[in-house]
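Results of the structural survey
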Amino acid sequence: MRWLLLFIFCLPSLIISQELPPITNFDTKTYNAGNQNWMVSEANNNWMYFANNSGLLSYNGEQWGLYKMKDGSPVRSVKVVDSLIFTGAYMDFGYWKPNAYGNLDYTSLLDKLPSEIRDGEQIWHIEEFGNYIIFQSLSRIFSYHIEDKSINIIDLGKTISNLYKSNNTVYFQVAEDGLYAIEDSGIERKVDFEQIGVKAIIQIFEWKDKKVAVTRDDGLFSFEDNKWEKLSIPNYPISSSFFSAEYTNDDQLVLGSIGDGLFILNLLRGEIQQIVQPNILNNTVLSLYEDKAGHIWCGLDNGISLIEKDSQFSIFSDITGKLGTVYCSIMYNEQLYLGTNQGLYKRNVKAGDFNLIDGTSGQVWSLAEYNDQLFIGHDRGTFIIKNDQLDYIFDGLGTWQVIPFKNGFIQGHYNGLSYFENEQSFNDIAYLDGFNLSSRNILNFNNSEIWVGHDHKGIFKLTPDISNFSISETKKYPVKYEDASGIKLFRFNDDIYYSTASNIFKYNRSSDEFVLDNELQRTSKKFKRSSGISQVTKDGKWWSFSENEIYYTQNDAFQEGLNIETIPLSYEFRNISNGFENISEINEDQYLVGSNHGYAIFKTPFTNPEIPALEINKVENANKGLNYVEIDKNTSNPEFKNAENYFKFYFNAPVYQKFANITYSYRIEGFTETWTPFKSTSTASFENLPYGDYQFQVKAKYDGQETNTATYSFSIEKPWFLSNLAVFVYIIIFVIILFVTHHFYTRYYNRRHEKMISVQKKKAEMQQLEAEQEIMKLKNEQLEADVSSKNRELAASTMSIIRKSEVLNQIKDELTAVSKLEDIKAVLKTIDANINEEDNWKFFKEAFDNADKDFLQAVKAKHPNLTSNDLKLCAYLRLNLSSKEIAPLLNISVRSVEIKRYRLRKKMDLAHGEGLVEYILSF
């Protein structure tokens with residue numbers, strides 16, 4: 001039985017040093033499914049499908065998908081026909097169909113069978129034949145009619161070992177019976193068992209008008225009309241046992257062995273190439289398939305490998321680490337030489353392994369051929385190879401580079417420059433005095449100047465004096481760069497340049513300076529270089545390096561100027577220290593690029609593959625709980641609930657080339673107008689999008705070319721609190737609130753208005769009262785002023801009266817002393833009349849009432865027992881007059897005034913300690 005063969009293992013062939021097409025390996029951790037892959041098929045949209053031990057495996061260049069059978073059984077066969085993916089499994093077969101959610105739905109065909117499937121029966125192969133799908137188990141063949149959905153069974157009663165299709169004919173081998181063919185005319189045996197014998201056929205194809213059968217262990221046979229003949233092909237690996245085979249579109253036969261890996265045989269030239277572990281994941285190849293791009297997919301006993309047999313690249317992978325990092329290379333005398341960090345290796349260009357040249361262990365920096373001699377710049381000095389003989393010609397401290405100069409050679413070392421004239425004077429090599437900087441990058445200009453580029457010090461123009469082994473003239477040019485990507489001094493089209501990662505400067509001899517305005521700068525400006533290193537190969541092409549490609553100049557065929565062409569060889573492959581990128585022309589239009597694990601070879605012109613169609617293959621949606629669910633991506637402009645505003649988009653461009661640099665850029669129109677930077681991520685997530693109308697847009701860049709833009713339009717509804725019903729409710733509530741507010745506001749306003757009126761009224765009253773008080777105050781102040789004035793008048797009048805009385809009394813006293821009293825009686829009478837007490841009191845009372853009109857009434861009211869004389873005394877005392885001053889007013893003596901005061905105190909009933917004047921003043 002077929003599966004028993006998997007237990008047969010052979011020792012792998014010895015690995016030889018050979019360049020292989022690019023190979024991409026997918027292990028079980030990458031695709032997250034079973035190890036064995038039994039059959040491979042390709043869909044119209046370039047998606048790949050694999051019959052895997054764990055189920056049906058899909059791959060679109062970015063995402064893997066696994067679809068399991070209901071009982072978890074392995075899938076043994078797969079064939080894509082139009083939009084249906086037919087599979088065969090353990091006791092089941094049917095088809096898968098993509099749904100609108102980006103997944104596959106399975107439909108079993110068991111219910112179409114006229115009888116039940118046999119116990120343990122498995123479907124090992126599927127082929128399309130007209131309107132039929134042919135399923136093969138080890139005991140029967142089932143033909144499913146696509147249109148009427150019916151199934152017919154072919155049961156020959158013997159083991160059916162395999163099924164094959166060539167052109168429009170389906171073949172199958174029946175044990176101990178022969179080779180049968182299914183054609184439009186029916187089923188017919190083509191070769192009987194007597195001729196084939198026990199030879200197991202694994203594939204059939206047509207070549208040179210012959211039908212060719214590939215056997216497991218016995219080689220190739222042609223057959224026609226029951227004739228079975230051995231077919232001799234040079235180098236056919238008859239020593240290996242094969243399990244799978246595929247005839248390709250370019251006359252190559254790919255053979256998958258059991259234990260010996262993969263063989264690619266050119267049937268026309270007899271050239272054979274063997275690919276084994278670790279270049280592929282496993283040496284047992286269960287299935288082979290050539291896709292539309294000419295790639296070979298290998299379903300392995302453990303994993304999947306992709307062989308780009310038609311690639312323009314040839315790759316040497318130093319998997320064992322024998323060579324190390326390749327820093328330089330050259331084709332010399334039909335030998336390929338590699339300078340690495342471990343020494344100088346060579347290999348015959350036609351075959352063989354790389355071998356270390358004895359004595360060259362260590363870092364090799366440069367290789368250059370001059371005068372049929374190979375100069376090797378080495379960490380230990382300089383070596384030379386001539387006539388396959390290695391000579392160690394200079395042991396100076398590190399030789400970076402050797403270039404011709406005049407009649408000899410200039411060498412650049414770690415610590416300066418040296419010179420020698422020819423191979424006869426190797427013992428006369430000497431340093432040039434006057435320059436001792438590291439000279440990794442040197443060039444000769446017209447055998448008169450040596451230019452040196454130093455990463456940190458700048459560019460130097462030197463004039464060597466060879467006769468004296470010295471530098472006679474030196475000029476330094478500062479270098480304009482801001483990174484550590486290195487600089488490169490080079491000569492291109494007879495002009496001197498130096499390059500950084502950002503710019504290229506050209507030497508202007510008339511102004512003796514480096515200028516940025518030059519054609520090479522303008523031509524390469526749109527490309528983003530990752531290194532200052534650039535290189536001019538022997539054919540005059542200028543090369544430079546970026547993260548994702550390498551660039552070279554090509555003269556424009558129709559007009560003067562330069563074009564830039566790209567080679568999709570990314571840093572991921574080169575992976576060499578920045579500043580040590582290298583490329584060399586090893587044959588006409590053939591170039592070698594060194595890396596830290598081997599090298600790549602390619603030819604120009606380089607044909608970039610077609611731009612693939614980009615598609616959005618799945619859309620997922622979630623709420624804040626982040627429970628993403630797949631949604632129907634074919635629904636036109638769906639609307640999502642406001643809470644479901646988390647989105648994931650999956651997209652892909654089905655490109656499978658190893659060096660294809662697929663990057664994606666996307667945006668959501670309506671949310672942001674800015675495209676994201678191009679990057680390799682093939683999913684996009686957006687969280688918490690606001691409501692609105694959106695269109696997700698994604699585009700890809702493939703080897704510098706942009707693909708179509710894929711779109712997905714959708715909407716997010718407004719939140720419930722912004723819905724039309726909610727807005728209507730808001731309006732009603734607003735109106736109610738407005739009405740209630742107006743009502744209460746009116747009441748409040750009226751109350752407030754009334755209160756404000758009341759407050760204003762009170763305020764006005766207070767202001768009026770304050771005004772009245774102010775007026776009263778002013779009046780009081782006026783009254784006080786009047787009272788003060790009248791008091792002054794009263795005091796003046798009183799004093800005048802007192803003075804007059806005192807004068808009159810004095811005159812009276814003097815007259816009384818005269819002897820003749822009778823003569824002056826008349827005069828005395830007149831004086832008495834003038835000092836009449838009543839008249840004085842009347843005058844005084846009138847003035848006193850004007851000044852203090854209420855005093856006498858108040859005193860009288862409180863002390864009604866007071867006499868008029870008592871009141872007079874009170875009035876005089878209120879004026880704070882002394883007894884002496886009062887006496888003249890009353891026309892009595894001072895003693896009499898004191899007595900009156902005493903009596904007045906009695907009448908007023910004053911306490912002993914209480915002063916009379918103080919009491920009177922208190923009124």
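Coordinates for the structure precede this section.
So, here is what we can say about the structure in this document. For every chain, the first residue of its written sequence is number 1, and the numbers climb from 1 along that sequence. Per-residue local features are limited, in this predicted model, to residues with pLDDT of at least 70; the limit for side-chain atom pairs, both in listing and counting, is 80 or more; totals at the level of whole chains, interfaces and linings are taken over all residues. As a rule here, side-chain values come from all non-hydrogen atoms in the structure, and water together with hydrogens is ignored.

**Quick notes on the sheet that holds strand β27 (residues 296–300)**
When DSSP locates at least two bridges between a pair of strands, those strands are taken to pair. In DSSP terms, a helix is any run of H or I states spanning at least four residues, a strand is any run of E spanning at least two, and both are numbered starting from the N terminus. Spatially, β1-β28-β27-β26 is the arrangement adopted by the 4 strands of the open sheet, whose pairing is antiparallel. Strand pairing shows two members of the sheet lacking a second neighbour, β1 (23–26) and β26 (285–290), which therefore form its edges. Adjacent strand axes in the sheet meet at a mean angle of 15 degrees when their direction is disregarded. Where β26 lies against β27, 5 bridges are found, and the strand directions are antiparallel. Each residue of the ladder has a partner; that of V285, found in β27, is L300. In this analysis, axes come from line fits to C-alpha atoms, helices being fitted only over the stretch in contact, and the angle between any two N-to-C directions falls in the range 0 to 180 degrees.

**Describing helix α9 (residues 868–878)**
Think of it in three bands: with a 1.4 Å probe and only protein chains considered, a residue is buried below 20% of the maximum accessible area for its type, exposed above 50%, and partly exposed in between. Within α9, 9 of the 11 residues are buried, which leaves the element mostly enclosed by the surrounding structure. When we look at burial in α9, the residues that qualify are D870, L871, K872, L873, C874, A875, Y876, L877 and R878. Once α9 ends, the next one or two residues include N880, with phi positive near 60 degrees.

**Topic: the pairing of strand β9 (residues 104–108)**
Both strand β8 (residues 92–98) and β9 contribute to a ladder of 5 bridges, which runs antiparallel. The residue bridging Y95 from the neighbouring strand is T107, located in β9. Counted between consecutive antiparallel strands, the loop separating β8 from β9 contains 5 residues, among which G102 sits at a positive phi close to 85 degrees.

**Observations regarding helix α11 (residues 894–908)**
Here the expected span of a helix is defined as 1.5 Å times the quantity of residues minus one. The end-to-end C-alpha distance of α11 is 21 Å, a good match for the 21 Å that 15 residues give at a rise of 1.5 Å each. If you follow the buried residues of α11, they end up packed against α8 (855–862), α9, α10 (883–890) and α12 (916–921). Remark: D909 follows α11 within two positions and exhibits a positive phi of approximately 60 degrees. For this analysis, residues touch if any pair of their heavy atoms sits within 4.5 Å.

**Examining the nonpolar core**
For this analysis, a nonpolar core means a set of buried residues of the types Ala, Val, Leu, Ile, Met, Phe, Trp, Tyr and Cys, connected via side-chain atoms within 4.5 Å. F649, F651, F696, V698, Y712 and F714 are the most contacted members of the largest nonpolar core, which has 27 residues in total. Counting only elements with at least two residues in this core, the list comes to β57 (615–622), β60 (646–652), β61 (662–669), β62 (683–686), β63 (692–702) and β64 (705–716). Top contributing element to this core by residue count: β63, with 5 residues. The contact partners of V698, leaving out residues within four places of it in the chain, are L614, I616, F651, Y664, S665, Y666, W675, N708, T709 and A710.

**Considerations on the pairing of strand β24 (residues 262–266)**
By the criterion of burial, β24 is predominantly enclosed, with 5 of the 5 residues buried. Of the two faces of β24, the one holding L262, I264 and N266 and the one holding F263 and L265 are both buried throughout. Bridge analysis of strand β23 (residues 252–257) against β24 gives 5 bridges, and the strand direction is antiparallel. Bridge pairing links Q252 to N266 in β24. Where β23 hands over to β24, the hairpin turn is made up of 4 residues, of which G259 adopts a positive phi near 100 degrees. Two elements, β24 and strand β25 (residues 272–275), share 4 bridges in a ladder whose sense is antiparallel. For L265, the partnering residue across the bridge sits in β25 and is I272. Taking the residues between adjacent antiparallel strands as the criterion, β24 and β25 are bridged by 5 residues, where G270 takes a positive phi near 75 degrees.

**Things to note about the pattern of salt bridges**
Each salt bridge in this description consists of a side-chain nitrogen of Lys or Arg and a carboxyl oxygen of Asp or Glu lying within 4 Å of one another. Evaluation of the coordinates by the stated rule reveals 25 salt bridges. The partner of D177 in a salt bridge is R189, and the shortest N-O contact between them spans 2.8 Å. Separated by 12 residues along the polypeptide, D177 in the loop between β15 (169–174) and β16 (178–183) and R189 in strand β17 (residues 186–192) bring together distant segments of the chain. Several salt bridges share partner residues, and in doing so they unite D250, E290, K309 and D310 into one network.

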